[in-house]
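Residues per chain are reported as follows:
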Amino acid sequence: MPSNDDVSGAAALAICESLLLCLGDLKILPEIEVVGILKDAVTAHERAGESEGHTAMHDAVDLMMNGILAGGNSVRRRS
């Protein structure tokens, strides 16, 4: 069984992705702002890693967030 931290993290990510999709779909935030939010999250973990010895957790978060940016999970990009 996954740890409570893993479950909490997965739930938080799902909620945040849903909120970003809703904000984009309702035209509250343009796509560029949604992408900016995701890039800010990546930057925050990159900087946290620098000040804390760049732990494996921050590396994993960087990888995941960059995957979301590349795949467009939280952004319904128009073709």
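Heads up: the structure comes first, above all this text.
In this text the structure is predicted, and so the values were computed from the model without any measurement.

What counts and how
Residues numbered from 1 in each chain as written. Predicted model: local features only at pLDDT ≥ 70, side-chain atom pairs only at ≥ 80, totals over all residues. Heavy atoms only, no water. Helix = DSSP H or I, 4+ residues; strand = E, 2+ residues; numbered from the N terminus. Buried < 20%, exposed > 50% of the residue type's maximum accessible area, 1.4 Å probe, protein only. Contact = heavy atoms within 4.5 Å. Core = buried A, V, L, I, M, F, W, Y, C linked by side-chain atoms within 4.5 Å. Expected span 1.5 Å × (residues − 1). Arc of directions from axis to C-beta.

The next point concerns the overall build of the protein chain. Scanning the protein chain for helices and strands turns up 3 helices and 0 strands. Traced from its N-terminal end to its C-terminal end, the protein chain shows the element sequence α-α-α. Expressed as a percentage of its 79 residues, the buried residues of the protein chain come to 24%. Nonlocal contacts in the protein chain, meaning residues at least 24 apart in sequence, comprise 60% of its contacts between residues at least 6 apart.

A word on the nonpolar core. Ranked by size, the top nonpolar core spans 9 residues in total: L20, V34, V35, L38, V42, V61, M65, I68 and L69. Secondary-structure elements contributing two or more residues to this core are α2 (31-51) and α3 (56-71).

Let's shift gears to helix α1 (residues 4-25). Look at α1: 31 Å from first C-alpha to last across 22 residues, which is about the 32 Å you get at 1.5 Å a residue. Residues of α1 that are buried: E17, L20, L21 and G24. Projected onto a plane normal to the axis of α1, the buried residues spread over an arc of 100° and lie on a single side. Seen from the buried face of α1, the exposed residues on the opposite side, beyond 90 degrees, are N4, I15 and L19. At the exit of α1 stands K27, carrying a positive phi of roughly 60°.

Right, let's talk about α3 for a bit. If you check α3, its first and last C-alpha atoms are 22 Å apart, about what 16 residues at 1.5 Å a residue would give, namely 22 Å. Among the residues making up α3, those that are buried are H58, V61, D62, M65, I68 and L69. Down the axis of α3, the buried set is contained in an arc of 130°. They therefore lie on one face. Exposed positions of α3 whose direction lies more than 90 degrees from the buried face are A56, L63, A70 and G71.

Turning to unusual backbone geometry, a few remarks are in order. The phi dihedral of K27 is positive, around 60°, even though this residue is not glycine. Mapped onto the secondary structure, K27 falls in the loop between α1 and α2. On the basis of relative accessible area, K27 is assigned to the exposed category, the value being 61%.

Geometry only, nothing functional implied.
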